[in-house]
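# Structural description and commentary
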Amino acid sequence: MSTPTVTKRIGIPEIARRKGEAPLVCLTAYTTPMARLLDPHVDLLLVGDSLGMVVYGFPTTLPVTLAMMIAHGAAVVRGSARAAVIVDLPFGSYQESPEQAWRAAAQVMAETGASGVKLEGGEDMAPTIRFLARRGIPVCGHVGLMPQAVQSAGGFRATGRTETEAGRIAADAAAVAEAGAFAVVIEGTLEPVARAITASVPVPTIGIGASAGCDGQILVTEDLLGLAGPFAPRFVKRYADLGAAVDEAAREYAADVRARRFPGPEHCYLPKAAE
Ligand code: KIV
């Protein structure tokens, strides 16, 4: 009898230990098939609340609900065996109090099988991160550009341009790390600021639009695959143009159906005698 191969998932302590070592490779995933494709290549899959914009077509991440995050989180866990899976806590599910955050995070952990959660916020969220981390929930912080605060920030814009902004982001990252976060995402932040934070905090930094100065990188997968429409932010590198491939495939299918070229006999169920 052959012994089944058991793949061990990358654990959170292993992610935390990668500070200053080989860069952490992270991507977003929202579905089982995409998680299956990405899993062999990445250390961490993030079920980001960016799914509200990418999958559901909302203009911001604010309408995303806990139920949506749990459904997509469970789908990504089912589609992966190797990468650590982290699920975003959505807007309104954790900001009120550490107790509210605990209930949301515990539900995510129990119902998805994820390795941990991510939440946005710096000094203001440090008590919440401490509350969760001390009770066994691995938390990834998220500072710099924080999409859930898009309304108060006045839009999705890079930050850290002034001394005040740079100081605030550095203080946020330090507070999040001190509170027990196992890693911190730095989004849309000027290179020198992200580099200085990476040098000063004891946990890995994961950059998105925050330069190669971070300990790891993350992108929204649909951005790098060319599936997110014609506009891509400056920090995105397109590794494929799957949008064009989908367009071409749909055009050929439509032409075949209209010309009655599809389905052909090889796609039809025929009576036994005719086979
Ligand atoms: O929601 C998301 O996908 C994220 C990444 C962009 C870091 O938070």
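Residues numbered from 1 in each chain as written. Predicted model: local features only at pLDDT ≥ 70, side-chain atom pairs only at ≥ 80, totals over all residues. Heavy atoms only, no water.

## Let's talk about the packing of helix α4 (residues 66-78) against helix α5 (residues 98-112)
One way to put it is that α4 packs onto α5 with a least axis distance of 9 Å and a crossing angle of 35°. As for how α4 packs across α5, the hand of that crossing is right-handed. In this structure, α4 contributes Leu66, Ile70, Gly73, Ala74 and Val77 to the contact, and α5 contributes Ala104, Gln107, Val108, Glu111 and Thr112. Per-class residue counts for the contact of α4 with α5 are six nonpolar, three polar and one charged. (Axes fitted to C-alpha atoms, helices over the stretch in contact; angles between N-to-C directions. Helix = DSSP H or I, 4+ residues; strand = E, 2+ residues; numbered from the N terminus. Left-handed = near helix turned anticlockwise from the far one by under 90°. Contact = heavy atoms within 4.5 Å. Nonpolar A, V, L, I, M, F, W, Y, C, P; charged D, E, K, R; others polar.)

## A look at the side chain of Glu120
Relative to the helices and strands, Glu120 is located in the loop between β4 (116-118) and α6 (126-134). Buried and unpaired, Glu120 has no salt bridge, with Lys118 as the nearest side chain of opposite charge at 4.9 Å. For Glu120, the side chain forms a polar contact with the main-chain nitrogen of Gln148, separated by 2.8 Å. Setting aside chain neighbours within four positions, we find Glu120 in contact with Asp49, Tyr94, Met125, His142, Met146, Pro147, Gln148 and Ala149. (Buried < 20%, exposed > 50% of the residue type's maximum accessible area, 1.4 Å probe, protein only. Lys, Arg positive; Asp, Glu negative; His and termini not counted. Salt bridge = Lys/Arg side-chain N within 4 Å of Asp/Glu carboxyl O. Polar contact = N/O pair within 3.5 Å; in protein donor to acceptor, adjacent residues only side chain to side chain.)

## A look at the environment of Glu165
Counting through the fold element by element, Glu165 comes out in helix α8 (residues 163-178). Of the residues examined, Glu165 reaches a relative accessible area of 15% and is grouped as buried. Along the sequence, Glu165 and Gly144 sit 21 residues apart, while their C-alpha atoms lie 8.7 Å from each other. Here Glu165 is in contact with Arg157, Thr159 and Gly160, once residues within four sequence places are set aside.

## Quick word on the pairing of strand β8 (residues 216-219)
Two strands pair when backbone bridges link them, and strand β1 (residues 24-28) and β8 are joined in this way by four bridges, in the parallel orientation. By the bridge assignment, Val25 is partnered in β8 with Gln217. Taken together, the two bridges between strand β7 (residues 205-208) and β8 define a ladder with parallel strand orientation. Bridging from a neighbouring strand, Ile206 pairs with Gly216 of β8. (Pairing = 2+ DSSP bridges.)

## Concerning the domain arrangement of the protein chain
Domain boundaries in the protein chain define domain 1 (12-240) and domain 2 (242-275). For domain 1 versus domain 2, the separation of C-alpha centres amounts to 41 Å. (Domains from an automatic or database assignment.)

## Here's the deal with α5
Counted at 1.5 Å a residue, the expected span for α5 with its 15 residues is 21 Å, and the 21 Å between its end C-alpha atoms agrees. When α5 is considered as a whole, its buried residues turn out to be Gln100, Ala101, Ala104, Ala105, Val108 and Thr112. Summarising the axial view, the buried residues of α5 lie within an arc of 125°, below the 170-degree limit, and thus occupy one face. Residues of α5 that are exposed and point more than 90 degrees away from the buried face comprise Arg103 and Ala110. The inward-facing, buried residues of α5 abut α4, β3 (84-88), β4 and α6. (Expected span 1.5 Å × (residues − 1). Arc of directions from axis to C-beta.)

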